[in-house]
Amino acid sequence: MLCTVGESPVWRATDQALYWTDIPARRLWRYDPAQGSAHHWPLPEMAGCIAMHGTGWLAAMESGLYALPAVTAPPGAGNSAAASAPLPATALARVTHAAPEMRFNDGRCDRQGRFWAGTMVQNMTLGHDAGRLYRYAGGELSIPLPMTFIVPNGMAFSPDGRTMYVSDSHPDRQTVWAFDYDIDNGVPHHGRVFIDRLPAGRPDGAAVDQDGGYWICGNDAGMLYRYTPAGKLDRSLALPVSKLAMCAFGGAGLDTLFVTSIRPPHAARDALDGALFALTPGTRGLEEPAFIG
């Protein structure tokens, strides 16, 4: 169960299962902890992030936002069995990117069910800040935040939904910002630096716990950090791989912190890079909001 770039883990309580994507492999994964089984399905495009949408999924891919059907483990299928054909994807909103070779990256829903996702130029070495944060609500795709990104990441919302976090994980930026968030109209404002630089590694995907703690993956450092709502680092956890991608709370009590990772081309054959990890950090998370249209 190794991914090239494991991203956007989402715990679906009704299924008691974790879902996530492998971006370059164009796969949607499903892991059932009770059965200890994992399965994947091909996607028609690379999907940077997913959100629950009815019984299925909203996926932010290369050319826009798409609806994906519900998936279940194939009857009688063995572990890691893949479907024979890509999942059908229904276009919800197409996007005209600001530059060539772009795709969606990190994203999730706010507490009110609006979907947010950022875009990036796929070749990170270019350092091209053509990325934007899109909001999808009421059938409209808009850009409420006049800010550009190289690699938008780290999106999360406080338990009351009134603070929005977002980072830029490119080596030239490595900053996490916090914004006041208007829960009535879904507009972030009053942005300020929340984390200037991590102790080690670049800020990647993130999650928020029930107490408002902001958990951020330290990519390239193999570290997972927790910051208080005041921006103070209060916990650091080391994992056995360097490139952590994103984290999400799940499990029956939302007390398991799942962490996806990236497998670099030079990884040793028996290395754990690209694996999914499950931690019990001693706190609980919040149920992930679904997209409500």
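So, how was this worked out
- All residue numbers refer to positions counted from 1 along the written sequence of the respective chain.
- Where local features are concerned, this predicted model is filtered to residues with pLDDT of at least 70; where side-chain atom pairs are given and counted, the filter is 80 or more; whole-chain, interface and lining totals use all residues.
- Hydrogens are left out, water is left out, and the side-chain values use all remaining heavy atoms of the structure.
- The helix and strand labels rest on DSSP assignments: H or I over at least four residues marks a helix, E over at least two residues marks a strand, and numbering proceeds from the N terminus.
- Here, two residues are considered to be in contact whenever any of their heavy atoms come within 4.5 Å of each other.
- Here a strand pair is declared whenever DSSP counts at least two bridges between the two strands.
- Axis lines are fitted to C-alpha atoms, over the contacting stretch for helices. Their N-to-C directions set the angle, which ranges from 0 to 180 degrees.
- UniProt positions are given in the numbering used here, feature names are shortened, and annotations may be inferred rather than shown by experiment.
- For cavity detection a 1 Å grid was placed over the protein atoms alone, and a set of points counts as a cavity when a 1.4 Å probe fits there but cannot get out; an open set counts as a pocket when protein lies on both sides within 12 Å along at least five of seven lines, with lining residues being those that have an atom within 4 Å of a point.
- Grid points are joined across faces, edges and corners, and a volume is the space filled by probe spheres set on the points.
- Asp, Glu, Lys and Arg are counted as charged, while Ala, Val, Leu, Ile, Met, Phe, Trp, Tyr, Cys and Pro are counted as nonpolar; the rest, among them Gly, fall into the polar class.

Draft legend 1. Representation of the environment of Arg-27. On the secondary structure map, Arg-27 appears in strand 3 (residues 27-32). For Arg-27 and Asp-220, which are 193 residues apart along the polypeptide, the C-alpha to C-alpha distance reads 23 Å. Not counting residues within four places of it along the chain, the set of residues in contact with Arg-27 comprises Trp-20, Thr-21, Asp-22, His-40, Trp-41 and Leu-43.

Draft legend 2. Inspection of the sheet that holds strand 23 (residues 277-279) at higher detail. The strand order across the open sheet built from three strands is 21-22-23, with neighbouring strands paired in antiparallel fashion. Bordering the open sheet on either side are strand 21 (244-250) and strand 23, each of which pairs with just one other strand. Strand-to-strand twist across the sheet, computed as the mean angle between neighbouring axes with direction ignored, equals 25°. With six bridges connecting them, strand 21 and strand 22 (residues 256-261) associate as antiparallel partners. In the strand pairing of strand 22, Leu-244 is matched with Ser-261.

Draft legend 3. Summary view of the UniProt feature "active site" (unreviewed entry) in the chain. The residues that UniProt annotates with the feature "active site" (unreviewed entry) are Asp-204. Relative to the elements of secondary structure, Asp-204 occurs in strand 17 (residues 202-208). Not counting the four nearest positions on each side in its chain, Asp-204 is found in contact with Glu-7, Asn-153, Gly-154, Ser-167, Ser-169, Ile-216, Cys-217, Asn-219, Leu-244 and Ala-245.

Draft legend 4. View of the layout of surface pockets. Of the volumes computed, that of the largest pocket is approximately 440 Å³. Taken together, 23 residues form the lining of the largest pocket, with Val-5, Arg-103, Met-124, Lys-243 and Ile-262 sitting closest to its centre. Elements represented by at least two residues in the lining of the largest pocket include exactly strand 9 (102-109) and strand 17. Grouping the constituent residues of the lining of the largest pocket by class yields 10 nonpolar, seven polar and six charged.

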